[in-house]
Amino acid sequence: METVKKEKSVINTIVIKFDAISQNESFARIAVSAFAGVLNPTVEEISDIKTAVSEAVTNCIIHGYENCGGVITMELMMEGNTIHIMIQDEGVGIANVMQAMEPLYTSKPELERSGMGFSFMEAFMDDLHVFSEPGEGTVVRMSKSIGMLPRMVRDMDEV
Amino acid sequence: MEENFAVIENYLMVKMPSEVDHHESMALSKKADEYILGNRIKNVVFDFEDTKFMDSAGIGVIIGRYKKIECFGGKVIAVNCSRQIKRILDMSGLYKYIEVME
Ligand SMILES: Nc1ncnc2c1ncn2[C@@H]1O[C@H](COP(=O)(O)OP(=O)(O)OP(=O)(O)O)[C@@H](O)[C@H]1O
Ligand SMILES: [Mg+2]
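Quick caveat, the model's predicted, so the values are computed rather than measured. (Residues numbered from 1 in each chain as written. Chains lettered and ligands numbered in written order. Predicted model: local features only at pLDDT ≥ 70, side-chain atom pairs only at ≥ 80, totals over all residues. Heavy atoms only, no water.)

J.: Can you walk me through the overall build of chain B in this structure?
T.: A count of helical and extended segments in chain B gives 3 helices and 7 strands. Listing each helix as α and each strand as β along chain B from the N terminus yields β-β-β-α-β-β-α-β-α-β. The C-alpha extent of chain B, read off along each of the three principal axes, is 30 × 30 × 20 Å. Buried residues in chain B amount to 50% of all 102 residues. Taking the contacts inside chain B whose residues are at least 6 apart along the sequence as the reference set, 72% of them involve residues at least 24 apart. Within the structure as shown, chain B displays about 5100 Å² of accessible surface, and the carbon and sulfur contribution to it stands at 52%. In chain B, 14 side chains carry a positive charge and 16 a negative one; their mean positions are 5 Å apart. (Helix = DSSP H or I, 4+ residues; strand = E, 2+ residues; numbered from the N terminus. Buried < 20%, exposed > 50% of the residue type's maximum accessible area, 1.4 Å probe, protein only. Contact = heavy atoms within 4.5 Å. Areas by Shrake-Rupley, 256 points an atom, 1.4 Å probe, with all protein chains shown as cover. Lys, Arg positive; Asp, Glu negative; His and termini not counted. Charge placed at Lys NZ, Arg CZ, Asp CG, Glu CD.)

Structure, rendered in structure tokens:
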């Protein structure tokens, strides 16, 4: 009998809630790399995903909750070889999302922010969507497919 | 953290941590500025030999120190950058302001 391998049918979801404190930035990166690990990503793919998550989580802490703490929800979903990531805060929200997403735009230059967070998320992930309402909080959704190139080519690329 | 800083003539050498994120960078920037002001530092060298991860917070650390020394004609130099770090520096347009050496 023939076995049909349906990759798309593999779905796995985890949801983590954690305090909006800077110690948890590294925790969020470790969590997402552990979650993505089963897809056998390259060093570069893992680095891309960790950077994007780090940017989104840091934004919740610094901007969403303005360094006063709160709760961040991170949902990681795997669908076949695609990782979907949702990172949410219930903080101050963003009045002008288009402007916020422009490269080099920052509302906090005095905190040495460079305004590159959203640009990195956009560059390192396959897609990025930001939903926000002032006073309601912010939701960042992004996804990335792992292993779009044959493994051998991908490994060669890393040398 | 003191062991991550060394002063050689008018150069400040900064050994960057293994993960350069918002959490790690706050104390690092503060300490670097103490050295810059207290030791008549002209140039700053960031050594990324041990760094496995860096996000936009690292860009803030570099630009922040650059602004402190550039008015006196100082330079910022980055050494031992991995491919990932070079890509972050490049995307942020930092190559215009700093020297990246092997
Ligand atoms: N979760 C959030 N809540 C409220 N405002 C946000 C949030 N995320 C981003 N913003 C707004 O969008 C702007 C741009 O974000 P981005 O991450 O691109 O840059 P930054 O955080 O200011 O600097 P960098 O990420 O380079 O340190 C922020 O300055 C802030 O005004
Ligand atoms: Mg940011």
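J.: Teacher, can you tell me more about the site of ligand 1 here?
T.: The immediate surroundings of ligand 1 are formed by 20 residues, with His63(A), Thr106(A), Ser107(A), Arg113(A) and Ser114(A) found nearest. One chain alone does not account for the residues near ligand 1; they come from chains A and B. Between ligand 1 and the protein, one listed contact pairs an oxygen atom with a side-chain N or O atom of Ser114(A) at 2.8 Å. Considering ligand 1 on its own, with 600 Å² of exposed area, one finds that the protein chains cover 96% of that surface. With 5 residues, the top contributor of residues to the shell around ligand 1 is helix α2 (residues 43–64) of chain A. For the shell around ligand 1, the class distribution of residues is 6 nonpolar, 11 polar and 3 charged. (Near = heavy atom within 4 Å. Polar contact = N/O pair within 3.5 Å; in protein donor to acceptor, adjacent residues only side chain to side chain. Nonpolar A, V, L, I, M, F, W, Y, C, P; charged D, E, K, R; others polar.)

J.: Hey, could you run me through the interface of chain B and chain A in this one?
T.: You'll often see interface size given as the accessible area lost when the parts meet. Taken together, the contacts link 22 residues of chain B with 29 residues of chain A. Across the chain B to chain A interface the summed buried area is about 2000 Å²; carbon plus sulfur atoms make up 49%. Counting across the interface, chain B meets chain A through 6 salt bridges. Where Arg29(A) meets Glu19(B), a salt bridge forms, and the shortest distance between an N and an O atom there is 2.6 Å. Our count for the contact surface shared by chain B and chain A stands at 11 residue pairs in polar contact (both at pLDDT 80 or more). Contributions of two or more residues to the side of chain B that touches chain A are made by α1 (22–38), β5 (53–54), α2 (56–69) and α3 (83–91) of chain B. (Buried area = accessible area lost by both parts, 1.4 Å probe. Salt bridge = Lys/Arg side-chain N within 4 Å of Asp/Glu carboxyl O.)

J.: Sorry if this is basic, but what is going on with the side chain of Asp33(B) here?
T.: Structurally, Asp33(B) is set in helix α1. When near neighbours in sequence (up to four residues on either side) are disregarded, Asp33(B) contacts Arg65(B) and Lys68(B).

J.: How do you make sense of the packing of helix α1 (residues 23–36) of chain A against α2(A) when you look at a structure like this?
T.: Two quantities define a packed helix pair, namely the angle between the helix axes and the distance between the axes. Residues and elements named next belong to chain A. Here α1 crosses α2 at 145 degrees, and the two axes come no closer than 9 Å. Crossing geometry of α1 relative to α2 is assigned as right-handed. The residues of α2 that touch α1, namely those facing Glu-25, Ala-28, Arg-29, Val-32, Ser-33 and Ala-36, are Ile-46, Ile-49, Lys-50, Val-53, Ser-54, Val-57, Thr-58 and Ile-61. Across the contact of α1 with α2, the residue classes tally to 8 nonpolar, 3 polar and 3 charged. (Axes fitted to C-alpha atoms, helices over the stretch in contact; angles between N-to-C directions. Left-handed = near helix turned anticlockwise from the far one by under 90°.)

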